[in-house]
Amino acid sequence: MTSSKKVEKPQGSYIKKGRLYVKAAFTGFRRGKRNQHENTALLKLDGVNTRRDTNFYLGKRCAYVYKAKNKTLVPGQKRLNRVRILWGKVTRAHGKSGSVRAKFRRNLPPKAIGRRIRVMLYPSRI
């Protein structure tokens, strides 16, 4: 005698959504004692404390998401939106404490210093 029972999901079940990026802080531009190079941004990644840990993030895409004053049409959206994104790429490590250098398509504005940068987990090098 075989009885097949159907397993039903509870009514309140949902798929847990996770973040597909690592949080980072924009700490400033690459600089020397007197000169500042605005074409290279320095990022401090959360949970990365050594130079060896930064190897995983080399080549990953990074995004600075901000809101602008005016609404414009964003690709893939039907409504006008104020959200803008500046895209860049992690290029190499910086120092020994887990910071990385990143180059953005357009230089980050100075008001972004201290703000959140998203370091995406793609492209994968594994």
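Read on for an overview of the structure. (Residues numbered from 1 in each chain as written. Predicted model: local features only at pLDDT ≥ 70, side-chain atom pairs only at ≥ 80, totals over all residues. Heavy atoms only, no water.)

1. Here we look at the packing of aromatic side chains
Part 1 of the reasoning: On inspection of all chains with the given rule, the structure shows 3 aromatic pairs.
Part 2 of the reasoning: Plain terms: the ring middles of Phe 26 and Phe 29 are 5.3 Å apart, the flat faces sit at 75° to each other, and that makes the pair edge-to-face.
Part 3 of the reasoning: According to the relative accessible area criterion, Phe 29 is buried, its value standing at 7%.
Part 4 of the reasoning: A cation over a ring is seen here: Arg 19 above Tyr 21, with NZ or CZ 5.7 Å from the ring centre. (Phe/Tyr/Trp six-rings, centres within 6.5 Å; stacked < 30°, edge-to-face > 60°. Buried < 20%, exposed > 50% of the residue type's maximum accessible area, 1.4 Å probe, protein only. Lys NZ or Arg CZ within 6 Å of the ring centre and 35° of its normal.)

2. Some details on the pattern of salt bridges
Part 1 of the reasoning: A complete count under the given rule lists 1 salt bridge for this structure.
Part 2 of the reasoning: Notably, a salt bridge pairs Arg 116 with Asp 46, separated by 3.5 Å at the nearest N-O pair. Of this pair, Arg 116 sits in strand β6 (residues 116-120) while Asp 46 sits in the loop between β2 (36-45) and β3 (61-73), and the two are 70 residues apart along the sequence.
Part 3 of the reasoning: For Asp 46, a relative accessible area of 40% gives the class partly exposed. (Salt bridge = Lys/Arg side-chain N within 4 Å of Asp/Glu carboxyl O. Helix = DSSP H or I, 4+ residues; strand = E, 2+ residues; numbered from the N terminus.)

3. Focus: unusual backbone geometry
Part 1 of the reasoning: Between Tyr 122 and Pro 123 the backbone carries a cis peptide bond, its omega angle lying at 0°.
Part 2 of the reasoning: Among the structural elements, Pro 123 can be located in the segment after β6.

4. Brief notes about a nonpolar patch on the surface
Part 1 of the reasoning: Together, Phe 56, Leu 121 and Ile 126 give the surface a local cluster of nonpolar side chains, amounting to about 340 Å² of exposed area.
Part 2 of the reasoning: Relative to the helices and strands, Phe 56 is located in the loop between β2 and β3.
Part 3 of the reasoning: Looking at Phe 56, the relative accessible area reads 38%, which means it is partly exposed. (Patch = residues over 30% accessible without salt bridge, like charges linked within 9 Å, V, L, I, M, F, W, Y side chains within 5 Å. Areas by Shrake-Rupley, 256 points an atom, 1.4 Å probe, with all protein chains shown as cover.)

5. Brief notes about the pairing of β2
Part 1 of the reasoning: The pairing of strand β1 (residues 21-31) with β2 spans 7 bridges and is antiparallel. The partner of Ala 24 across the bridge, within β2, is Leu 45.
Part 2 of the reasoning: With antiparallel pairing between neighbouring strands as the criterion, β1 and β2 make up a hairpin whose turn holds 4 residues.
Part 3 of the reasoning: Two strands pair when backbone bridges link them, and β2 and strand β5 (residues 99-104) are joined in this way by 4 bridges, in the antiparallel orientation. Considered in β5, the bridge of Leu 43 is made with Val 100. (Pairing = 2+ DSSP bridges.)

6. Some points on the sheet that holds strand β4 (residues 80-94)
Part 1 of the reasoning: Taken in spatial order, the 6 strands close into a barrel running β1-β2-β5-β4-β3-β6, and their pairing is antiparallel. Across the sheet, the mean angle separating the axes of adjacent strands is 45° when strand polarity is ignored. (Axes fitted to C-alpha atoms, helices over the stretch in contact; angles between N-to-C directions.)

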